[in-house]
Amino acid sequence: MLTTFITLLFLVTIKAFVFPGCDGGTTNGCPSVVNTSLHWIEQPIDHFGWTNPPLDSSDKSTFKQRYFVNDDWWKPGAPIFFYFGNEDNVELYVNHTGLMWESAPDFHAMLVFAEHRYYGNSTPYEPGTKGCMRFCTTEQALADFAYLVYDLRSRYGSDLPVIGFGGSYGGMLAAWGRMKYPNAFDGVISGSAPIWSFANMEPAYNYNAFDKSVTDDASSFGGATDYCKTNLKSAWPLILEQGQSAEGRTLLQTAFRSCQAIQTEQDAMQIVSWASSVWGTLAMGNYYYESSYLMHGKSLLPAWPVRVACKALDRDFDVKTEMTTLFEAVRESAAVVFNNTGDKTCFDILEPPPDRRRLGGTARHYHRTNTFERRVGKDECVGSWDFQWCTEMVQPFTEGTDEDMFYCAPGQNCSVWNYQASFENCQNVWNVTPRPEWARIGLLGKRIESASNIVFSNGLLDPWHGGGVLQNISDTLLAVLIPNGAHHIDLMFTSPEDKKYPDVLWARAFEREQIQKWIDGVKNRRSSSSSSSSSSSSKELL
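Residues numbered from 1 in each chain as written. Predicted model: local features only at pLDDT ≥ 70, side-chain atom pairs only at ≥ 80, totals over all residues. Heavy atoms only, no water.

(A) Here's a closer look at the overall build of the chain. Within the chain one finds 15 helices and eight strands. Looking at the 542 residues of the chain, the share that counts as buried comes to 58%. For the chain, contacts bridging at least 24 residues in sequence account for 73% of all contacts bridging at least 6. When the accessible surface of the chain is split by element, carbon and sulfur atoms take 50% of a total near 21900 Å². (Helix = DSSP H or I, 4+ residues; strand = E, 2+ residues; numbered from the N terminus. Buried < 20%, exposed > 50% of the residue type's maximum accessible area, 1.4 Å probe, protein only. Contact = heavy atoms within 4.5 Å. Areas by Shrake-Rupley, 256 points an atom, 1.4 Å probe, with all protein chains shown as cover.)

Encoded structure:
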């Protein structure tokens, strides 16, 4: 058990309001988008250019950005809690960011959930507009958020404290938002934000960190057994070996219950890609309760999903006599994601899956193994994490090393990132060339000592923690480690299971204490400014 018992000490001043009947994992009975009002703001499509309109192929120069507001507890002068929308419909974050909802009553905070440009209904261009993806960048999105804060303050109070929240890519945006626009955001909670998971960092990012952490979750370290990772590592080459003969391909089709016939060696490779692609999702969603978050609210992953997926693999297999049984066990493991509703009789292994557009989802695997990944095309003009990866979010990964449970083809050096193949894919699909150095130069890299008022939280079960900030940098740049935490668990609604894991309770309490300090700091500056103004006026009257 990875429980760390941490004394809560003085962290009792700001308490969470636990909504009666709210199940933190399923979000049943919890506040959601139905408790908000819908709003829109007109945003420039290009914040940094002077050409109007910015595209020759369109006469549009602005677009409507969507955001949701709850002001049930807000009082004039009280703070705004602001969510930095991720690479998805913003409703997902409205419905799951319990830390904001449960903190709002005590802080009398207004809640604002802003959608990221190009995602959801915040789309600047119609499909088919030539060059439409040009303005789908982190910088443009951050400027949108800063403009929205300016608009909110102009209507509700120019000196209102604004506290930012974000998880995953949203957590990265929150951190960068505080660094780039400290006038807009007075402090931020940056959950599971791998802001250091890029190429050319100094010190360097470990490109195998993600897959190694996934492997740790699927082992005794993560509460499973080592049989799980060992059996998976053994299964991949056996699957490909069976793909070399007609008889073997028939065996694969039956064992994996493929809806389509397995007819080629490439089809066998796709089985490997399909079966291995779930483990990142399982590890990110490795919560100790049932959760709908990684399933986009449409279905549930079980409690401790990695352990559940590993159960079928929790023994030694004799591959000479039990190879089919091993393959069936691998299939059952994948079914924890691909058939968690239990209604599928076969799997569309050879069909392109939907573009999940999720940090760490299947798009991450595309650049190395999955030639069947369904992508959003450049002429669809809607957000795609694949496009963002191919421009500035260049997060390198290695797979199939001695430290992870994934496949490495014979003769390949899987400890080295094949950046050339990734870049060629980006050029072929998006007609863009990634800039692997941009995160270090344009997004501040690791030299962030001059920033302040950021809490970086990371769950040690979350495979993204290897690219996160894991140590305090200063008195106001603080790191929170959650041994029992998966992907930004601290941002989720309270669950009855939380009481078994004091590290999660401590993290949320600590974050609320920091929020209070940031708000007090704004109030003190406001009071000081008012006193200075009064003193100056008195001297002039004399």
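(B) Examining the environment of Phe221 more closely. The residue Phe221 is located in the loop between helix H5 (209-217) and helix H6 (226-242) in this model. Distance from Phe221 to Leu461, taken between C-alpha atoms, is 9.6 Å for residues 240 residues apart in sequence.

(C) The arrangement of the state of the cysteines in detail. With the rule as written, the count across this model stands at six disulfides. Across the disulfide, Cys132 is cross-linked to Cys381 (sulfur-sulfur distance 2.1 Å). Residues Cys132 and Cys381 are joined through a disulfide that is left-handed, its torsion about the S-S bond being -95°. Highlighted residues: Cys132 in the loop between strand S4 (110-114) and helix H3 (138-156) and Cys381 in the loop between helix H11 (362-366) and helix H12 (385-391), separated in sequence by 249 residues. (Disulfide = S-S within 2.5 Å.)

(D) Geometry of the nonpolar core. Counting residues in each nonpolar core, the largest one holds 97 residues, and the members touching the most others are Phe81, Phe165, Phe256, Trp279, Leu282, Val330 and Ile515. The dominant element in this core, judged by the number of residues it contributes, is helix H8 (residues 265-284), at 11 residues. In this view, Trp279 contacts Val214, Ala218, Cys228, Leu232, Val306, Ala309, Cys310, Leu313, Ser333, Met405 and Phe406; residues no more than four positions away in its chain are not counted. Membership of the second largest hydrophobic core comes to 65 residues, among which are Leu160, Met179, Val188 and Met393. (Core = buried A, V, L, I, M, F, W, Y, C linked by side-chain atoms within 4.5 Å.)

(E) Expanded view of the sheet that holds strand S5 (residues 162-167). Pairing in this open sheet of eight strands is mixed, and the strands run S1-S2-S4-S3-S5-S6-S7-S8 from one edge to the other. Looking at strand neighbours, the two that pair on one side only are strand S1 (37-44) and strand S8 (477-482), the edges of this open sheet. The sheet shows a mean angle of 20° between the axes of neighbouring strands, taken without regard to direction. Relative to strand S6 (residues 187-191), helix H4 (residues 169-180) is tilted by about 155°, and along the sheet it contacts strand S3 (80-84), S5, S6 and strand S7 (454-459). (Pairing = 2+ DSSP bridges. Axes fitted to C-alpha atoms, helices over the stretch in contact; angles between N-to-C directions.)

(F) Inspection of unusual backbone geometry at higher detail. That bond from Asn52 to Pro53 is cis: its omega, 0°, falls within 30 degrees of zero. Relative to the elements of secondary structure, Pro53 occurs in the loop between S1 and strand S2 (62-70). Each neighbour pair has its own omega, and for Glu202 with Pro203 the value is -5°, a cis peptide bond. Counting through the fold element by element, Pro203 comes out in the loop between S6 and H5.

(G) How the structure looks around H6. Taking 1.5 Å of rise per residue, the 17 residues of H6 would be expected to cover 24 Å, and the 25 Å separating its terminal C-alpha atoms lies within 8% of that figure. The sharpest bend along H6 measures roughly 25° and falls at Ala235, with the proline Pro237 sitting one to four residues further on. Burial in H6 covers these residues: Cys228, Asn231, Leu232, Ala235, Trp236, Leu238, Ile239, Leu240 and Gln242. Buried-residue contacts for H6 involve helix H7 (246-255), H8, helix H9 (305-311) and helix H10 (319-338). (Expected span 1.5 Å × (residues − 1). Bend = angle between axes of the 7 residues up to and from the residue.)

(H) Focus on the side chain of Ser122. The residue Ser122 is located in the loop between S4 and H3 in this model. Among the residues examined, Ser122 registers a relative accessible area of 0% and is labelled buried. Within the structure, the side chain of Ser122 is placed 2.9 Å from the backbone nitrogen of Arg66, a separation counted as a polar contact. Every residue in contact with Ser122, bar those within four places of it in the chain, is listed here: Phe63, Lys64, Gln65, Arg66, Glu115, His116 and Arg117. (Polar contact = N/O pair within 3.5 Å; in protein donor to acceptor, adjacent residues only side chain to side chain.)

(I) Region of interest: the pattern of salt bridges. On inspection of all chains with the given rule, the structure shows 12 salt bridges. Glu115 serves as the salt-bridge partner of Arg66, at 2.6 Å between the closest nitrogen and oxygen. Here the residue Arg66 occupies a position in strand S2, and Glu115 occupies one in the loop between S4 and H3, the gap between them amounting to 49 residues. Neither residue differs from the other here; Arg66 and Glu115 are each classed as buried. For Arg525, the salt bridge is made with Asp186, and the minimal N-O distance between the two is 3.6 Å. With a gap of 339 residues between them, Arg525 in helix H15 (residues 502-541) and Asp186 in the loop between H4 and S6 connect regions that are remote in the sequence. Of the residues examined, Asp186 reaches a relative accessible area of 9% and is grouped as buried. Among the charged side chains, a salt-bridge network with shared partners connects Arg66, Glu91 and Glu115. (Salt bridge = Lys/Arg side-chain N within 4 Å of Asp/Glu carboxyl O.)

(J) Seen up close, helix H13 (residues 419-430). When the terminal C-alpha atoms of H13 are compared, their 16 Å separation across 12 residues agrees well with the 16 Å that a helix rising 1.5 Å per residue should span. Among the residues of H13, those classed as buried are Ser422, Phe423, Cys426 and Trp430. Seen end-on, H13 carries its buried residues on one side only, within an arc spanning 95°. Against H12 lie the buried residues of H13. (Arc of directions from axis to C-beta.)

(K) Quick peek at the packing of H5 against H8. Packing of H5 against H8 brings their axes to within 9 Å, and their N-to-C directions diverge by 75°. Regarding the angle of H5 to H8, the classification is roughly perpendicular. Every residue of H8 that contacts H5 at Phe210, Val214 and Asp217 is listed here: Trp279, Gly280 and Ala283. For the contact of H5 with H8, the residue count by class is four nonpolar, one polar and one charged. (Parallel < 35°, antiparallel > 145°, perpendicular 65-115°, else oblique. Nonpolar A, V, L, I, M, F, W, Y, C, P; charged D, E, K, R; others polar.)

(L) Structural context of the packing of aromatic side chains. Summed over all chains, the structure comprises 35 aromatic pairs. Aromatic side chains Phe256 and Trp274 sit 6.5 Å apart centroid to centroid with 85° between the ring planes, which places their arrangement in the edge-to-face category. You can see Phe256 sitting in the loop between H7 and H8 and its partner Trp274 sitting in helix H8, a full 18 residues away along the chain. Trp274 carries the same exposure label as Phe256, and that label is buried. (Phe/Tyr/Trp six-rings, centres within 6.5 Å; stacked < 30°, edge-to-face > 60°.)

Without other data, these values stay purely geometric and don't point to any function.
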